Amino acid sequence: MTAKKKIVLSCIAAAVAGTAVIVLFKTGSDSRENALPHIKVVRGTVVDKALAVGTIEPENEISVKSKVSGVVNKIFSDVGTYVKEGQPILEVRPDPTPLELADAKRQVQLNQVEFDNLKKESVRTKSMHDSRLISDKEFEDFQKQYEQSELRLKIASEKLALMESGRVKIGDTEIESIVKAPISGSILNRSVEVGDPVTPLTSYQEGTVLMKMANMDRLIFKGTVDEIDVGKMKEGMDVEIKVGALPSDTVRGILRKIWLKAEKKDNATVFPIEILIPSAQNTLLRAGYSANANIIIRKSADILMIPERVVTFRNDSSFVTIPSASGEGEVRAIRTGLSDAINVEVVSGLREGDDVLEKPVKKID
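Calculation notes
- Residues numbered from 1 in each chain as written.
- Predicted model: local features only at pLDDT ≥ 70, side-chain atom pairs only at ≥ 80, totals over all residues.
- Heavy atoms only, no water.
- Helix = DSSP H or I, 4+ residues; strand = E, 2+ residues; numbered from the N terminus.
- Buried < 20%, exposed > 50% of the residue type's maximum accessible area, 1.4 Å probe, protein only.
- Contact = heavy atoms within 4.5 Å.
- Pairing = 2+ DSSP bridges.
- pLDDT = per-residue confidence, 0-100.
- Salt bridge = Lys/Arg side-chain N within 4 Å of Asp/Glu carboxyl O.
- Core = buried A, V, L, I, M, F, W, Y, C linked by side-chain atoms within 4.5 Å.

K.L.:
Please provide a residue-by-residue account of the environment of K299, values included.
P.N.:
Assignment of secondary structure puts K299 in strand β18 (residues 290-307). Judged by relative accessible area, which is 58%, K299 ranks as exposed. Between the alpha carbons of K299 and S339 there is a distance of 9.5 Å; along the sequence they are 40 residues apart. Discounting residues that sit within four places of it in the chain, K299 has contacts with T45, V46, V47 and L338.

Rendered as structure tokens:
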């Protein structure tokens with residue numbers, strides 16, 4: 001064999017070997033690319049919960065009103081201040097019109113004249129009754145007229161005192177222009193400024209709301225939950241509340257009330273709920289915070305679980321694909337339990353640490 005032929009044969013052999021290497025490399029590469037990722041069966045906690053959207057509010061919010069009319073003279077406690085029951089928070093200065101003040105004074109004078117005359121006549125009337133010159137009924141009628149006149153004078157005097165000084169005592173009840181806190185709590189807001197007119201609270205008018213107060217140690221979550229979840233809920237369930245303004249804190253609560261009647265909200269049927277929030281030790285909650293509440297319906301801890309996305313549900317059965325020696329994957333039936341829509345409990349069919357193949361991604365042509 002000539003040297004030239006040897007060179008040609010060597011080149012052909014090298015080309016064939018190179019082609020074989022490329023084919024083997026490509027085959028191995030395609031195998032790795034087509035291999036499905038897998039996950040392991042692990043232990044964890046699965047929680048079935050219902051979502052409610054709402055706000056944090058005080059359990060009892062009190063509107064503070066005045067019993068006397070006038071204008072705001074002084075403000076002793078402002079928004080955010082904690083006050084005790086009976087502590088002065090605001091003063092209302094009586095501000096009668098000149099005509100009202102003059103009329104009150106004239107009324108006192110007229111009642112005083114009437115009472116003085118009846119008082120003088122009472123001596124003569126008693127003497128005539130003792131002498132049997134008038135009947136018992138006539139004497140009783142005069143006594144009634146005398147007592148009524150005394151009462152009218154007292155009422156007129158109290159009205160005048162209230163207009164002039166803003167303070168009067170009627171029996172054991174003291175009425176004054178100093179508005180005191182009806183409860184122990186914090187002042188949430190103030191509706192008036194110094195100089196604003198004040199209408200009193202009476203049986204025929206609501207009166208001016210001066211301030212609003214609440215005990216911030218007793219808070220509730222008020223919100224709504226979708227009708228789909230209501231059937232699984234009941235009073236007394238534990239709740240985890242996430243406040244938008246406090247992303248790192250979780251507040252615990254107890255489901256206290258579920259409304260019996262639904263409401264329509266944004267074309268959806270929802271049920272109002274109420275969640276009691278015990279005193280939050282390390283979290284400062286404010287009235288009006290927006291929040292989401294997760295009502296714990298069922299909870300399974302320390303159980304085997306896998307992502308629900310790797311499970312195929314068919315009729316009443318559940319299947320997963322596990323790795324096999326052939327590389328094709330082996331379909332295995334399993335029994336599932338509680339699900340939170342992300343993870344699902346594995347009751348039987350798999351053990352802790354087993355590998356489960358992800359579902360193949362469908363390619364769009």
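K.L.:
Give a detailed account of the environment of V230, specifying residues and quantitative values.
P.N.:
As for its position among the elements, V230 is in helix α4 (residues 227-230). In this structure, the C-alpha to C-alpha distance between V230 and I258, residues 28 residues apart in sequence, is 8.3 Å. What V230 contacts, discounting residues up to four positions off in sequence, is V225, I258 and F271.

K.L.:
Run through the sheet that holds strand β11 (residues 197-198), naming residues and quoting values.
P.N.:
Strand order in the open sheet formed by four strands is β9-β6-β4-β11, with antiparallel pairing between adjacent strands. Lying at the two open borders of the sheet, with one neighbouring strand each, are β9 (178-180) and β11. When strand β6 (residues 88-93) meets β9, the two strands line up antiparallel, connected through three bridges. Among the inter-strand pairings, L90 is bridged to a residue of β9, identified as V179.

K.L.:
Requested: an account of the confidence of the model for the protein, with residues and values cited.
P.N.:
Per-residue pLDDT for the protein averages 82, and the proportion of residues at 70 or more is 83%. Note that pLDDT drops below 50 for residues 2-9; the model gives that stretch two contacts with residues more than four away or on any other chain. Contacts for the low-pLDDT stretch residues 11-33, under 50 throughout, to residues beyond four places or in other chains number zero contacts.

K.L.:
Can you lay out the environment of V344 for me, pointing to particular residues and giving the numbers?
P.N.:
Its location among the elements puts V344 in strand β22 (residues 343-348). Taking the relative accessible area as the measure of exposure, V344 reaches 2% and is therefore buried. Sequence separation of V344 and I306 is 38 residues, and the distance between their C-alpha atoms is 5.7 Å. Once residues lying within four places of it in the same chain are set aside, the contact partners of V344 are L304, M305, I306, E308, V311, T336, G337, L338 and S339.

K.L.:
Outline the pairing of strand β2 (residues 42-58), listing residues and values.
P.N.:
Of the pairings in the sheet, the one linking β2 to β18 comprises 13 bridges and is antiparallel in character. Among the inter-strand pairings, G54 is bridged to a residue of β18, identified as A291. With seven bridges joining them, β2 and strand β13 (residues 219-226) adopt antiparallel strand pairing. When the bridges of β13 are listed, P58 appears paired with L219.

K.L.:
Talk me through the pattern of salt bridges; I want residue IDs and the actual numbers.
P.N.:
Applying the stated criterion across every chain, the model contains 17 salt bridges. Close ionic contact of K222 with E57 constitutes a salt bridge, the shortest N to O distance being 3.9 Å. With a gap of 165 residues between them, K222 in strand β13 and E57 in strand β2 connect regions that are remote in the sequence. Taking the shortest distance from any N to any O, the salt bridge between E121 and R124 comes out at 3.7 Å. You can see E121 and its partner R124 sitting in helix α2 (residues 98-130), three residues apart, about one turn around the helix.

K.L.:
Just give me the short version of the nonpolar core, but keep the residues and values in it.
P.N.:
By size, the foremost hydrophobic cluster in this structure holds 26 residues, and its most contacted members are F221, M233, I241, L255, I273 and I295. Counting residues per element, the ones that place at least two in this core are β2, β13, β14 (238-243), β15 (250-258), β17 (268-277) and β18. When residues no more than four places from it in sequence are discounted, the contact partners of M233 are A50, V225, L255, I258, I273 and I295. Among the nonpolar cores identified, the runner-up in size contains 15 residues, and L90, V92, V179 and V198 belong to it.

K.L.:
Explain the side chain of S149 to me, and be specific about the residues and the numbers.
P.N.:
With respect to the helices and strands, S149 occurs in helix α3 (residues 136-165). For S149, the contacting residues outside a window of four places in its chain are N111, E114, F115 and L118.

K.L.:
Pulling in residues and values, what's your account of the sheet that holds strand β10 (residues 185-190)?
P.N.:
Judged by pairing direction, the sheet is antiparallel, and its four strands sit side by side in the order β3-β12-β10-β5 without closing on themselves. A single partner strand is all that each edge strand has here, and the edge strands are β3 (61-64) and β5 (82-83). As defined by bridge partners, β5 adjoins β10 across two bridges and the pair is classed as antiparallel. When the sheet's bridge partners are listed, V83 is paired in β10 with G185.

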